Amino acid sequence: MAGAGNAEPLSPRAKLAVTAGKAAAAVSRAAGRGSGSVIGGKVALRLDPDLLARLARHLDVVLVSATNGKTTTTRLIAEALRASGQVVSNALGANMPAGITSALAGGSEARFGVIEVDEKYLAGVARDTTPKAIALLNLSRDQLDRAAETRMLAEKWREGLSGTKAVVIANCDDPLIVWAASSSPNVVWVAAGQEWKDDAWSCPSCGGVLQRPGEDWMCGECGFRRPIPSWALNGDFVLDPHGSAWPIHLQLPGRANKANATTSAAVAAHFGVPPQVALERMYQVQAVAGRYDVISFQGREMRLLLAKNPAGWLETFSLIDPPPTPVILSVNARGADGTDTSWLWDVDYTRLAGHPICVIGDRRLDLAVRLEVAGLDFRVCETVDEAVQLCPPGRIETIANYTAFQDLRRRVGN
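The structure displayed is predicted, hence computed values, not measured ones.

Quick look at the pairing of strand E13 (residues 300-306)
Within E13, 6 of the 7 residues are buried, leaving the element largely enclosed by the surrounding structure. In the sheet, strand E12 (residues 294-297) pairs with E13 via 4 bridges, with the strands oriented antiparallel. Bridging from a neighbouring strand, isoleucine 295 pairs with methionine 302 of E13. Between the end of E12 and the start of E13, which pair antiparallel, lie 2 residues, with glutamine 298 showing a positive phi angle near 55°. As paired elements, E13 and strand E17 (residues 396-400) share 5 bridges and run parallel to each other. By the bridge assignment, leucine 305 is partnered in E17 with isoleucine 399.

Shown next, in the form of C-alpha cells:
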C-alpha cells in the first residue's frame, strides 16, 4: 500500500491546540505527575475538538483493541511497520482520545499511526482516525463497573464497525470478537487461541449454548460458528495464508505473546511487510512499558508482570517459574483499575500452590480473603519492601494489576 505522505500544515487553531497541549504535558511531568499525555491531550482537544482527526489525516492508521494484550500487540505492530516507514504510537498505553491525541501530535513526519484504543472508545476513535486496519484480539470481563458486560461491548463494536472501510484483523477463536467483527465487510481471521473461555460459553448471536469440539466452536441453535482462519499460530510458528510457516523468536515470554505476534504479522502483511521481516523486527522488543522487566531491588532480582483481570491472571500464572519461587501479589481498585474487585473470585489462585506468597496493595485484604478460601499459605504485608524482606531466596515473581503495577515501578525505580 502506498504511504500516506507528510502531514498537511495545521490550521492556526490546531497549532495552538498542539502547543498548549505540549505545554500542559511538560508542566505535568515537571510536577512529577506522570508523562502528561492525558492532561496534554485534554487541553489540546478542548481548544480544537477535531484535532485527533486532523492529526490522523496523513497517517496509515492501525487501531488495536482488546481486553488483554493490546499494549504489547501495539508495540509489536509498530516495530514491524518500522520496516516500511516512520511510526507514531501511544506506546505507553494512554489509550483514550486525550492520550491518543497527545501521541499523534508528535508524529508529523510519520507514515504509520499504530494506536492502542480502550475498548469503550474504539468506535469513536475509528470514526475520527479513518483507520486502514483494526486489530481485535479478545473480549473478557474487566472493569465491570465501567465497561459493563462483555456481550454489550461486543454489540457496540459490531454497530460501530458496521460498514467500516478498514480491514479488520480479528481472532476467530473468540466468539465475542467474531460477533463484533462480522458486521465488517473485509475481515481477515486469525487463529490466535483463547485460553480464558468463561465469557464465551453462550452464543452472542442468539444466546444458545456454544459447542466446543476441540479448537472449533459453534452454536447448535442458530449456526453461528468459528470462521476459517487465514493466519494461525501453530506452536512456535506463524502460518500465513499461503500455508508457509514462519518461526516466532520473541524475547517476551508465553503463548499469549506468540498469539500477539501472529496477529501483528497479519497486520504488517496488510501494509506490505513480509512475515519474516515483521517477526525478525519483533524480536527487538524486550519489555513493554515495564512489563516483563527483570530488575534489582534491595539486592533481590524481581520480574514485573501485569495482570488486570481473570484472563490476564490465567495467562500470567503460565509464565512464572515453578515452586518454590516466591511470588508477590499486589491489587488496587482505583479508577484506572475499576473499583469492583469481585473479579478476584473468578481467578483460579490454586495454581499458586507451593509458592511462598506475599500480598500487598490497597486491596490486599480482599485478596487475602480470596487466597484463604483457595487454601493457600500467604503473608499480608504493608509495603513491597517488607514483602521482599520476607521472601525466601530466588528470583521474585511480582504480579500486579494496573495502578498497583505503576506503584511498584515507581518504588523499585523502573
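Next comes the rest of the write-up.
Some points on the packing of helix H1 (residues 12-30) against helix H2 (residues 37-47)
The description of two helices packed together rests on the angle between their axes and the distance between the axes. Their axes nearest at 7 Å, the elements H1 and H2 cross at an angle of 155°. Overall, the two elements H1 and H2 adopt an arrangement that is roughly antiparallel. Classified by chirality, the crossing of H2 by H1 is right-handed. In this structure, H1 contributes Arg13, Leu16, Ala17, Ala20, Gly21, Ala24, Ala25 and Ser28 to the contact, and H2 contributes Ile39, Gly40, Val43, Ala44 and Leu47. Of the residues assigned to the contact of H1 with H2, the class counts are 9 nonpolar, 3 polar and 1 charged.

What to know about the UniProt feature "binding site: Zn(2+)" (unreviewed entry) in the protein
The positions UniProt marks with the feature "binding site: Zn(2+)" (unreviewed entry) are Cys203, Cys206, Cys219 and Cys222. Annotated residues spanning 20 residues; largest pairwise C-alpha distance 8.6 Å, indicating a single compact cluster. Among the structural elements, cysteine 203 can be located in the loop between strand E6 (187-191) and strand E7 (210-211). According to the relative accessible area criterion, cysteine 203 is buried, its value standing at 3%. Setting aside residues up to four positions removed in sequence, cysteine 203 forms contacts with Gly208, Leu210, Cys219, Cys222 and Phe224. With respect to the helices and strands, cysteine 222 occurs in the loop between strand E8 (218-219) and strand E9 (231-234). Once you skip the residues sitting within four places of it in the chain, cysteine 222 turns out to touch Cys203, Ser205 and Cys206.

Criteria and cut-off values
- Residues numbered from 1 in each chain as written.
- Predicted model: local features only at pLDDT ≥ 70, side-chain atom pairs only at ≥ 80, totals over all residues.
- Heavy atoms only, no water.
- Buried < 20%, exposed > 50% of the residue type's maximum accessible area, 1.4 Å probe, protein only.
- Helix = DSSP H or I, 4+ residues; strand = E, 2+ residues; numbered from the N terminus.
- Pairing = 2+ DSSP bridges.
- Axes fitted to C-alpha atoms, helices over the stretch in contact; angles between N-to-C directions.
- Parallel < 35°, antiparallel > 145°, perpendicular 65-115°, else oblique.
- Left-handed = near helix turned anticlockwise from the far one by under 90°.
- Contact = heavy atoms within 4.5 Å.
- Nonpolar A, V, L, I, M, F, W, Y, C, P; charged D, E, K, R; others polar.
- UniProt positions renumbered as here; feature names shortened; annotations may be inferred.

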